[in-house]
Amino acid sequence: MKNFIFISPHFPDSFYRFVVALKKNGFRVLGIGDDPYENLRPELKEALTEYYVCYNMDNFDNEVKAVKYFEDKYGHIDYLESNNEYWLDKDAKLREMFGIITGPIGEEIDFYNHKSLMKLGYLKAGAKVAKYILVSDRESLEKFIEEVDYPVFIKPDHGVGADGTYKIEKPADIDYFFENYDKKVSYICEQFISGNIISFDGICNSKSEVVFCASNFFPPSIADMVHDKKDLFYFSYPYPPKDLEEIGRKVVKAFGVKQRFFHLEFFRLTKPAKGLGEIGDIVPLETNMRPAGGYTPDLINFANSNNVYQIYADVMAFDENRQKDEFEHYYAPVASRRDEFTYLHSDLEILDKYKNHICHHGRYAPVFSGAMGDRFFMAKFKTMEEVEEFRQYTEARA
């Protein structure tokens, strides 16, 4: 029996489905997390062979002790994964320490989570990338802006989400950046691109072949959602756009991704971008070699009438997708709301009006609320017209 350590299997709370699917496929699943065992949901307790409580997981030594404990008790660890951006660096270090060869280690992980290095993978796949520099001083930044013109966008070279991002539209914004940036963090500055964000999501086998794929449409800027406290609304397509799937498969191959979830972000241009393309063209944004955030894997399930958690477990165990694609596909949107605002239609009215379409609803964990809102409603529809009506109904504020 192969040993699979799943880091933080309780968060997000839907991730227990990974553990259930892995056990179904014959793995001995061992969990390491910071939530007390008694707080785990029954299905997760049932699927885990053993759970090691590690109350301070930011202390790397604690995780080392946990993996060592499992190795001593159950033998060599075959897989170690979290499928969570926050832990990817530590996952790689633990694999390297314990000789686990089924995931990225060492410098390989840098290409997964450093935006400047991601561009090399995109270029290898034949895609054009936005011009950029790593910010070192004011002089070089101003010179770069002279080349590409305002606005530009600055963000941590290694990071996720909208934290620590700066849109530079005028010289005063440069002053603000150098007065407020974290001097311990490396920043990348890119030419600004006007476009909608679309993602190519899926799972690949050990040969970097995509065995399942999907696509999501996101608002133009998560940063604006956070800063302006807008309601997040995005959706999963019934099928990936053909041009996106074509370049997405090439990118997965170029990065050499093996037996992993991937979430590749692109811009669909809404304005021409010098040297990159015309309206409607696709330009790479960044890669994430893990599932999309929050409950997006569930949204993909609703759109595809399938189970990505089981597909992932099938790839881990058999290196192939054993799930049949035999049911109808849908547009699957998620609408979120913020507790601090009053809406024209109540949550109960949404649930009643869309009772034949709502697939899942609830509250986001506090760590997600800044970017994603406090409450969410996931649904599925056959047409984009229905999706737009759903968006307008849920977003209308009193």
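Here the structure is shown first, and the text comes after it.
Here the structure is a predicted model, which is why all the values come from computation and not from measurement.

## Considering the overall build of the protein
The helix and strand tally for the protein stands at 15 helices and 16 strands. A compact globule built from 398 residues should have a C-alpha radius of gyration of about 21 Å, and the protein, at 21 Å, falls within 12% of that. The dimensions of the protein, computed from C-alpha atoms along their principal axes, are 60 × 50 × 40 Å. Counting across all 398 residues of the protein, residues that qualify as buried make up 53%. Residue pairs in contact within the protein that sit at least 24 positions apart in sequence constitute 66% of those at least 6 positions apart. Element-wise, carbon and sulfur atoms account for 50% of the exposed surface of the protein, whose accessible area totals about 18,300 Å². When the 50 basic and 65 acidic side-chain charges of the protein are each reduced to a single mean position, those positions are 3 Å apart.

## Concerning the packing of helix α3 (residues 60-74) against helix α4 (residues 88-97)
If you want to describe how two helices pack, look at the angle between their axes and the distance between the axes. Across the interface, α3 lies against α4 with an axial gap of 11 Å and an inter-helix angle of 45°. Put simply, α3 runs oblique to α4. The interaxial crossing formed by α3 with α4 has right-handed handedness. Taken together, the residues of α4 that come into contact with α3 (itself represented by Phe60, Glu63, Val64 and Val67) are Lys90, Lys93, Leu94 and Met97. When the residues that make up the contact of α3 with α4 are grouped by side-chain class, the tally is five nonpolar, no polar and three charged.

## Brief notes about helix α8 (residues 171-180)
Residues of α8 that are buried: Asp173, Ile174, Phe177 and Phe178. Take α8 and look down its axis: the buried residues cluster within an arc of 135°, on one side only. For α8, the secondary structure elements touched by its buried residues are α7 (138-148), β6 (152-156), β7 (166-168) and β8 (187-191).

## Here's the deal with the pairing of strand β14 (residues 332-337)
Along β14, six of the six residues are buried, which leaves the element largely enclosed by surrounding structure. Going residue by residue along β14, you find Ala332, Val334 and Ser336 tucked away on one face and Pro333, Ala335 and Arg337 tucked away on the opposite face as well. Of the strand pairs in this sheet, β14 and strand β16 (residues 375-379) are connected by four bridges, and their pairing is antiparallel. Along β16, the bridge assignment pairs Val334 with Met378.

## Focus on the environment of Arg397
Turning to its location among the elements, Arg397 is positioned in the segment after α15 (384-395). Its relative accessible area of 34% is what places Arg397 among the partly exposed residues. Taking the C-alpha atoms as reference points, Arg397 and Phe341, separated by 56 residues in sequence, lie 7.4 Å from one another. When neighbours within four sequence positions are excluded, Arg397 is seen to be in contact with Lys229, Lys230, Asp231, Phe341, Thr342, Tyr343 and Leu344. A polar side-chain atom of Arg397 sits 3.2 Å from a polar atom in the side chain of Asp231.

## Describing the sheet that holds strand β5 (residues 132-134)
One open sheet accounts for four strands, arranged β5-β8-β6-β7; its pairing is antiparallel. Two strands lie at the open edges of the sheet, namely β5 and β7, each paired on one side alone. Adjacent strand axes in the sheet meet at a mean angle of 20° when their direction is disregarded. For β5 and β8, the ladder comprises three bridges, and the chain directions are antiparallel. Among the inter-strand pairings, Tyr132 is bridged to a residue of β8, identified as Glu190. Sitting on the sheet, helix α6 (residues 115-124) is in contact with β5, β6 and β8, with an inclination near 50° to β8.

Here is what the cut-offs are and how they apply
- Positions within a chain are numbered from 1, following the residues in the order the chain's sequence is written.
- Given that the model is predicted, a residue must reach a pLDDT of at least 70 before its local features are reported, and side-chain atom pairs must reach 80 or more before they are shown or counted; all residues, however, enter totals for whole chains, interfaces and linings.
- As a rule here, side-chain values cover all heavy atoms of the structure and leave hydrogens and water aside.
- The numbering of helices and of strands both runs from the N terminus, where a helix is a DSSP run of H or I of at least 4 residues and a strand a run of E of at least 2.
- The reference for a compact globule is 2.2 Å times residues^0.38; the radius of gyration itself is calculated from the C-alpha atoms.
- Partly exposed describes any residue whose relative accessible area lies between the buried limit of under 20% and the exposed limit of over 50%, with all areas from a 1.4 Å probe on protein chains only and scaled to the type maximum.
- In what follows, residue pairs with any heavy atoms lying within 4.5 Å of each other are defined as contacts.
- All accessible-area figures derive from a Shrake-Rupley calculation using a 1.4 Å probe, and residue coverage is judged against the displayed protein chains alone.
- Residues counted as positive are Lys and Arg, residues counted as negative are Asp and Glu, and His and the chain ends are not counted.
- Here the site of a charge means atom NZ of a Lys, CZ of an Arg, CG of an Asp or CD of a Glu.
- Only the stretch in contact is used when a helix axis is fitted, and all axes are lines through C-alpha atoms; the angle between N-to-C directions ranges over 0 to 180 degrees.
- For classification, angles of less than 35 degrees are called roughly parallel, those exceeding 145 degrees roughly antiparallel, those between 65 and 115 degrees roughly perpendicular, and all remaining angles oblique.
- The handedness criterion is simple: a crossing whose near helix is rotated anticlockwise from the far helix by less than a right angle is left-handed, and one whose near helix is rotated clockwise is right-handed.
- Residue type decides the class: Asp, Glu, Lys and Arg count as charged, Ala, Val, Leu, Ile, Met, Phe, Trp, Tyr, Cys and Pro as nonpolar, and the leftover types, Gly among them, as polar.
- Taking the helix axis as origin, the arc is that swept by the directions to the C-beta atoms.
- Following DSSP output, two strands are said to pair if at least two bridges run between them.
- In protein, a polar contact means a hydrogen-donor-capable atom and an acceptor-capable atom, both N or O and within 3.5 Å, with residues adjacent in sequence counting only if both atoms are side-chain atoms; elsewhere, any N or O pair within 3.5 Å suffices.

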